[in-house]
Amino acid sequence: MNVLLHSCCGPCASACVPRLKEEGHDVTMFYSNSNIDTRAEFEKRLEAAQTLAAAEGVTLVADDYDHAAWLRAVADGYENEPEKGRRCERCYRYNLARTAAYAAAHGFEAFTTSLTVSPHKPSAKIFASSEDPTFLREDFKKREGFKLSVRRAGELGLYRQTYCGCEFSKRTSREEAT
Ligand code: SF4
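Being a predicted model, the structure only gives us computed values, none of them experimental.

### Some words on the site of the ligand
For step 1, the next point in the chain: The immediate surroundings of the ligand are formed by Asn35, Trp70, Glu83, Arg87, Cys88, Cys91, Tyr92, Cys164, Cys166 and Ser169.
For step 2, the next point in the chain: Ranked by the residues each element gives to the shell around the ligand, the list is headed by helix 4 (residues 86-105), at four residues.
For step 3, the next point in the chain: Of the residues belonging to the shell around the ligand, the class tally is six nonpolar, two polar and two charged.

### What about unusual backbone geometry?
Working note: non-glycine residues mostly have negative phi, and peptide bonds are mostly trans.
For step 1, the next point in the chain: Positive phi outside glycine occurs at Lys84, with the angle close to 80 degrees.
For step 2, the next point in the chain: Structurally, Lys84 is set in the loop between helix 3 (67-75) and helix 4.
For step 3, the next point in the chain: Judged by relative accessible area, which is 38%, Lys84 ranks as partly exposed.

### Considerations on the packing of helix 1 (residues 10-22) against helix 2 (residues 39-56)
For step 1, the next point in the chain: At a minimum axis distance of 9 Å, the contact between helix 1 and helix 2 shows a crossing angle of 25 degrees. With respect to each other, helix 1 and helix 2 are oriented roughly parallel. Considering how the two elements wind past one another, helix 1 and helix 2 form a crossing that is right-handed. Where helix 1 abuts helix 2, its residues Gly10, Ala13, Ser14, Val17, Pro18 and Lys21 lie against Arg45, Ala48, Ala49, Leu52 and Glu56.
For step 2, the next point in the chain: Here the residues of the contact of helix 1 with helix 2 sort into six nonpolar, two polar and three charged.

### Focus: the packing of aromatic side chains
For step 1, the next point in the chain: Counted by the stated rule, this structure contains five aromatic pairs.
For step 2, the next point in the chain: Here a set of aromatic residues connected by ring pairs shows up, and it is made of Tyr31, Phe42 and Tyr65.
For step 3, the next point in the chain: Here the basic side chain of Arg45 rests over the ring of Tyr163, its NZ or CZ set 5.0 Å away from the ring centre.

### Focus: the pairing of strand 4 (residues 110-113)
For step 1, the next point in the chain: Along strand 4, one buried face is formed by Ala110 and Thr112 and the opposite face, lined by Phe111 and Thr113, is buried too.
For step 2, the next point in the chain: Sheet topology note: the strand 1 (residues 2-6)/strand 4 ladder contains four bridges and is parallel. Bridge pairing in strand 4 links Leu4 to Phe111.

Thresholds applied
- Residues numbered from 1 in each chain as written.
- Predicted model: local features only at pLDDT ≥ 70, side-chain atom pairs only at ≥ 80, totals over all residues.
- Heavy atoms only, no water.
- Near = heavy atom within 4 Å.
- Helix = DSSP H or I, 4+ residues; strand = E, 2+ residues; numbered from the N terminus.
- Nonpolar A, V, L, I, M, F, W, Y, C, P; charged D, E, K, R; others polar.
- Buried < 20%, exposed > 50% of the residue type's maximum accessible area, 1.4 Å probe, protein only.
- Axes fitted to C-alpha atoms, helices over the stretch in contact; angles between N-to-C directions.
- Parallel < 35°, antiparallel > 145°, perpendicular 65-115°, else oblique.
- Left-handed = near helix turned anticlockwise from the far one by under 90°.
- Contact = heavy atoms within 4.5 Å.
- Phe/Tyr/Trp six-rings, centres within 6.5 Å; stacked < 30°, edge-to-face > 60°.
- Lys NZ or Arg CZ within 6 Å of the ring centre and 35° of its normal.
- Pairing = 2+ DSSP bridges.

The structure is reproduced here in structure tokens:
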């Protein structure tokens, strides 16, 4: 199938692109991450995703960056939610809806997401975040997906961020560090 892969970052996507290719799919990466707190960080992660796309020989499409719109649609009133809580569920829905819309508008047969690679992201919640029948519910954590992503990111020298993306996740990272 012709699959659009929502790519939250290069390291996570590095476990997904080869797996989808092995399964016989044609992959296009879709970098849609208005959840990221600053444009500088958005660009840094985009650069890592572009390095991966070039190494894998796949096309990467970068969505517009609009953090103010994301704050209004997702975080307003949910700022104090813990990570993996309701703000995150809203965030998964937001990014998957944008991916689904792009996939439908550009003739993709299916879409999926690299979000399931991370051990910090419950796959069941991600799978429940889109009703779209073309959503390919691939659990990239399986078969050591996270370990693979760490190894591949190291080989390609990809930037690996220390927080999920929004300003509220920076608070969680600080709490975890203390
Ligand atoms: S912590 Fe991560 S998943 Fe949760 S709202 Fe922030 S950017 Fe989105």
